[in-house]
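Structural characterization, general
Residue strings, one per chain:
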Amino acid sequence: MRSYPTTFIAATLLLAAALPAWAALGGAVSSVEADRIALRGAPAAGAQAAAKAGAARDGSSAQPSVLYSVQAFALPNGTEVREFVAAGQVFGVAWQGASQPNLRQVFGDQMYEVYLQSLKAQSTPGSRTFVLRQSALVVHSFGLPGNFSGQAYLPQQMPAGVSAAVIK
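Residues numbered from 1 in each chain as written. Predicted model: local features only at pLDDT ≥ 70, side-chain atom pairs only at ≥ 80, totals over all residues. Heavy atoms only, no water.

**Remarks on the overall build of the chain**
Looking only at helices and strands, the chain features four helices and seven strands. Its helices and strands taken in sequence order, the chain reads α-α-β-β-β-β-α-α-β-β-β from the N to the C terminus. Here the chain holds 168 residues, and the buried ones make up 36% of them. Restricting to contacts in the chain with at least 6 residues of sequence separation, those with at least 24 account for 44%. Taken as a whole, the chain presents about 9,900 Å² of accessible surface, with 57% of it coming from carbon and sulfur. (Helix = DSSP H or I, 4+ residues; strand = E, 2+ residues; numbered from the N terminus. Buried < 20%, exposed > 50% of the residue type's maximum accessible area, 1.4 Å probe, protein only. Contact = heavy atoms within 4.5 Å. Areas by Shrake-Rupley, 256 points an atom, 1.4 Å probe, with all protein chains shown as cover.)

**Overview of the environment of Ala152**
Note that Ala152 resides in strand β7 (residues 147-153). In this structure the C-alpha to C-alpha distance between Ala152 and Leu137, which are 15 residues apart in sequence, comes to 7.1 Å. In this structure Ala152 touches Leu25, Phe91, Gly92, Val93, Trp95, Phe107, Leu137, Val138, Val139 and Ile167, once residues within four positions along its chain are discounted.

**Describing the nonpolar core**
Within the largest apolar cluster, 21 residues are counted, with the highest numbers of intra-cluster contacts made by Leu25, Val93, Phe107, Tyr115, Leu137 and Val139. In this structure, Phe84, Ala86, Phe91 and Ile167 belong to the second largest nonpolar core, which totals eleven residues. (Core = buried A, V, L, I, M, F, W, Y, C linked by side-chain atoms within 4.5 Å.)

**Things to note about helix α4 (residues 109-122)**
Taking 1.5 Å as the rise per residue, α4 with 14 residues should run 20 Å; its terminal C-alpha atoms sit 20 Å apart, in good agreement. Those residues of α4 lying buried are Met111, Tyr112, Tyr115, Leu116 and Ser118. Where α4 is buried, its residues meet α3 (103-107), β5 (129-133) and β6 (138-144). (Expected span 1.5 Å × (residues − 1).)

**Some points on the pairing of strand β4 (residues 89-97)**
Within β4, seven of the nine residues are buried, leaving the element largely enclosed by the surrounding structure. Here seven bridges tie strand β3 (residues 80-86) to β4, and the two strands are oriented antiparallel to one another. Bridge assignment links Val81 to a residue of β4, and that residue is Trp95. Taken together, β3 and the strand that follows it, β4, pair antiparallel across an intervening segment of two residues, in which Ala87 is found at a positive phi of about 50 degrees. Of the pairings in the sheet, the one linking β4 to β7 comprises six bridges and is antiparallel in character. Paired with Trp95 across the bridge in β7 is Gly150. (Pairing = 2+ DSSP bridges.)

**Quick notes on the pairing of β5**
Residue alternation in β5 divides its side chains into a buried set, Phe130 and Leu132, and an unburied set, Thr129, Val131 and Arg133. Adjacent in sequence and paired antiparallel, β5 and β6 are bridged by four residues.

**Structural notes on the packing of aromatic side chains**
One pass over the structure, following the stated rule, counts seven aromatic pairs. Taking 6.1 Å as the distance between ring centres and 40 degrees as the angle between the ring planes, the aromatic pair formed by Tyr68 and Phe84 counts as tilted. You can see Tyr68 sitting in strand β2 (residues 66-74) and its partner Phe84 sitting in strand β3, a full 16 residues away along the chain. For the pair shown, Tyr68 and Phe84 are each scored as buried. Members of the aromatic cluster, joined through ring pairs, are Trp95, Phe107, Tyr112, Tyr115 and Phe130. (Phe/Tyr/Trp six-rings, centres within 6.5 Å; stacked < 30°, edge-to-face > 60°.)

**A word on the environment of Leu137**
Relative to the elements of secondary structure, Leu137 occurs in the loop between β5 and β6. Considering only alpha carbons, one finds Leu137 and Gln157, 20 residues apart in sequence, at a separation of 10.0 Å. With sequence-adjacent residues up to four places away left out, Leu137 is seen in contact with Leu25, Met111, Val114, Tyr115, Leu132, Ala152, Tyr153, Leu154 and Pro155.

**A short note on the pattern of salt bridges**
Counted by the stated rule, this structure contains three salt bridges. Note that Arg104 and Asp109 form a salt bridge whose closest N and O atoms lie 3.1 Å from each other. We classify Arg104 as partly exposed; its relative accessible area is 35%. For Arg104, the salt bridge is made with Glu113, and the minimal N-O distance between the two is 3.3 Å. The class of Glu113 is partly exposed, set by a relative accessible area of 33%. Sharing partners across several salt bridges, the network here consists of Arg104, Asp109 and Glu113. (Salt bridge = Lys/Arg side-chain N within 4 Å of Asp/Glu carboxyl O.)

So yeah, pure geometry; function would need other evidence.
Spelled out as structure tokens, the structure:
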């Protein structure tokens, strides 16, 4: 028979493994809600939308398929965050508003570190724009006091037929 501390530790580890991870680019769609809660956001008007492929042109009755969905929420300061989801995973994020969201939260630890290293290497004092283009992560960010916007996406997880231009 196991002792109480061993059983408690095992149960705690199992419970922790079952909890959803913080949202991240490449994370599960369920992580979008974790982002919203962690950032104290409220669902934005028209918070969910889906983009569909065109209907079949061969006269068949095939229905258009959903390529991706967009889930949006507004931060307390009015900044809107939109997360793009396909095949159950977050492949992109965009923001617009008074401030940047917590990028560690929306990028996830791994992609945030990629972003941070590139930011340090490219940092120019007074620069209002930032561009990162790597095979694993693309980020475009612009900011002035009270007006921040940006997009980030994982090129290798973009759905076929979807352009990076939709992440806005």
